[in-house]
Amino acid sequence: MTNRLISPQNRSLTYQQTPGQGPGVVFLGGFKSDMTGTKALFLQEWAEQTGHAFLRFDYSGHGQSSEDFEDGAIGDWFEDALAVIQALTTGPQILVGSSMGGWISLLVARAIPDRIAGFVGIAAAPDFTEDSMWDRFTPAQKTEMAANGRVVLPSDYGAPYVITKRLIDEGRRRLVLRAPLLLPFPVRLLQGTADTDVPQAIALRLTEHAICNDLRLTLVKGADHRFSTPDCLQLIRESVESIIKGPTHA
């Protein structure tokens, strides 16, 4: 059964919640994805088997939530994530952010650090609207953006992406790699070497930039952006469980 939450911004957000013990786990999906993806469902099954609390949801303009995708921006989706976490969870939460969800997770962690028990980034894509979109636009695309307020980019995952001027402009207000990024909790970054959407250089940059006493980056040779093979899913599970178990001492 899918549930709905009306956010403080009056957006209707769909979510699915599994009750259980803490720390809870929250899955934050990627750009134009939804909460029915392989990784989200895998984590829900894990939560049901282990008795851990789990939450997955759709940002506005994604899945079954309200609003149009083309009207949205990073700040809107950050507000959505903050709304569902604050309204639906209690106590410490482990954020599992896939691609754009990694960026959103970092924004949430910056806003409510006392609620975050850890972060697992799966091909995390902080600042991608600036570094992976705007900086790679051709002069013709930048001219088209100025004239029409949007450009259309091909996608390997279905319909082309419509990239709006608002997405680019608003994203500049949410950048996390241009100023100190304090992450006072365990961080596990997972990255495939065959990822053509978020290259491993992004994971290395985030690793170098973050201020964190317990950060590990795992590169998986041959894994692509989906990071959804059985081995990759197992690695996600192990990463979440390593944060739950805490540091081990010899």
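Residues numbered from 1 in each chain as written. Predicted model: local features only at pLDDT ≥ 70, side-chain atom pairs only at ≥ 80, totals over all residues. Heavy atoms only, no water.

Chemist: Honestly, the overall build of the chain in this entry has me stumped. Any pointers?
Modeler: A tally of helices and strands in the chain yields eight helices and 12 strands. Compactness check: the chain gives a C-alpha radius of gyration of 17 Å against a globular reference of 18 Å for 250 residues, within 12% of the reference. By its C-alpha atoms, the chain is 60 × 40 × 35 Å across when sized along the principal axes. Counting every position in the chain, which comprises 250 residues, the buried fraction comes to 53%. Taking contacts inside the chain between residues at least 6 apart in sequence as the whole, the part at least 24 apart equals 73%. When the accessible surface of the chain is split by element, carbon and sulfur atoms take 51% of a total near 11,400 Å². Side chains of the chain carry 23 positive and 28 negative charges; the gap between the two charge centres is 3 Å. (Helix = DSSP H or I, 4+ residues; strand = E, 2+ residues; numbered from the N terminus. Rg over C-alpha atoms; globule rule 2.2 N^0.38 Å. Buried < 20%, exposed > 50% of the residue type's maximum accessible area, 1.4 Å probe, protein only. Contact = heavy atoms within 4.5 Å. Areas by Shrake-Rupley, 256 points an atom, 1.4 Å probe, with all protein chains shown as cover. Lys, Arg positive; Asp, Glu negative; His and termini not counted. Charge placed at Lys NZ, Arg CZ, Asp CG, Glu CD.)

Chemist: I'm lost on the layout of surface pockets in this one. Help?
Modeler: Once rolled over the atoms, a probe with the size of a water molecule shows which space is left empty. If you add up the space inside the largest pocket, you get close to 980 Å³. Lining the largest pocket are 35 residues, with F31, Y157, Y161, D197 and H225 sitting closest to its centre. When contributions to the lining of the largest pocket are tallied by element, the ones reaching two or more residues are α1 (38-50) and α4 (128-133). Along the lines of polarity and charge, the residues of the lining of the largest pocket split into 14 nonpolar, 14 polar and seven charged. (1 Å grid on protein atoms, 1.4 Å probe; cavity = no way out; pocket = protein on both sides within 12 Å on 5 of 7 lines; lining within 4 Å. Points joined across faces, edges and corners; volume = space filled by probe spheres on them. Nonpolar A, V, L, I, M, F, W, Y, C, P; charged D, E, K, R; others polar.)

Chemist: I keep staring at the side chain of S12 and nothing clicks. Help me out?
Modeler: Along the chain, S12 turns up in strand β2 (residues 12-18). Judged by relative accessible area, S12 falls into the buried class, the value being 15%. Within the structure, S12 has its side chain in polar contact with the side chain of R4 (distance 2.9 Å). Contacts of S12, omitting those with residues within four sequence positions, involve R4, L5, I6, S65 and S66. (Polar contact = N/O pair within 3.5 Å; in protein donor to acceptor, adjacent residues only side chain to side chain.)

Chemist: Looking at this structure, how should I read the packing of α1 against helix α8 (residues 230-245)?
Modeler: The axes of two packed helices give the description: the angle between them and the distance between them. Between α1 and α8, whose axes approach to 11 Å, the crossing angle comes to 50°. Taken together, α1 and α8 sit at an angle that is classed as oblique. Every pair of crossing elements has a handedness; the one defined by α1 and α8 is right-handed. In contact with T38, K39, F42, L43 and W46 of α1, α8 contributes L233, Q234, I236, R237, V240, E241 and I244. Looking at the contact of α1 with α8 residue by residue, the class counts come to seven nonpolar, two polar and three charged. (Axes fitted to C-alpha atoms, helices over the stretch in contact; angles between N-to-C directions. Parallel < 35°, antiparallel > 145°, perpendicular 65-115°, else oblique. Left-handed = near helix turned anticlockwise from the far one by under 90°.)

Chemist: What should I look at first to understand the sheet that holds strand β5 (residues 93-98) in this one?
Modeler: What links the strands of a sheet is backbone hydrogen bonding, and the strands pair in either a parallel or an antiparallel sense. The eight strands lie next to each other as β1-β2-β4-β3-β5-β6-β10-β12, forming an open sheet whose pairing is mixed. In this open sheet, the two strands that pair with only one neighbour each are β1 (3-6) and β12 (215-220). Direction aside, neighbouring strands of the sheet carry axes that sit 20° apart on average. (Pairing = 2+ DSSP bridges.)

Chemist: For this particular structure, what's the right way to read the environment of T38?
Modeler: Along the chain, T38 falls in helix α1. Residues T38 and T229, spaced 191 residues apart in sequence, show a C-alpha to C-alpha distance of 9.3 Å. Discounting residues that sit within four places of it in the chain, T38 has contacts with S228 and L233.

Chemist: Can you help me understand the packing of aromatic side chains in this one?
Modeler: Where two aromatic rings form a pair, the distance of their centres and the angle of their planes describe that pair. All told, the structure shown has nine aromatic pairs when counted by the stated rule. Seen from their ring centres, Y59 and W77 are 6.4 Å apart, and the 40° between their planes marks the pair as tilted. Placement of Y59 in the loop between β4 (52-57) and α2 (74-88) and of W77 in helix α2 is noted, with a sequence separation of 18 residues between them. By relative accessible area, which is 2% here, Y59 ends up buried. On the basis of relative accessible area, W77 is assigned to the buried category, the value being 0%. Consider the rings of W134 and F137, whose centres lie 5.9 Å apart with planes at 65°: the pair is edge-to-face. Residue W134 is classed as partly exposed on the basis of its relative accessible area of 21%. (Phe/Tyr/Trp six-rings, centres within 6.5 Å; stacked < 30°, edge-to-face > 60°.)

Chemist: Whenever I open this one, the packing of α2 against helix α3 (residues 100-111) confuses me. Can you help?
Modeler: Running from N to C, α2 and α3 point in directions that differ by 60°, and their axes come no closer than 9 Å. Looking at the two axes, α2 sits oblique to α3. Along this stretch, α2 crosses α3, giving a crossing that reads as right-handed. For the pair α2 and α3, the contacting residues are I74, W77, F78, A81, L82 and I85 in the first and M100, W103, I104, L107, V108 and A111 in the second. The residue inventory of the contact of α2 with α3, partitioned by class, reads 12 nonpolar, no polar and no charged.

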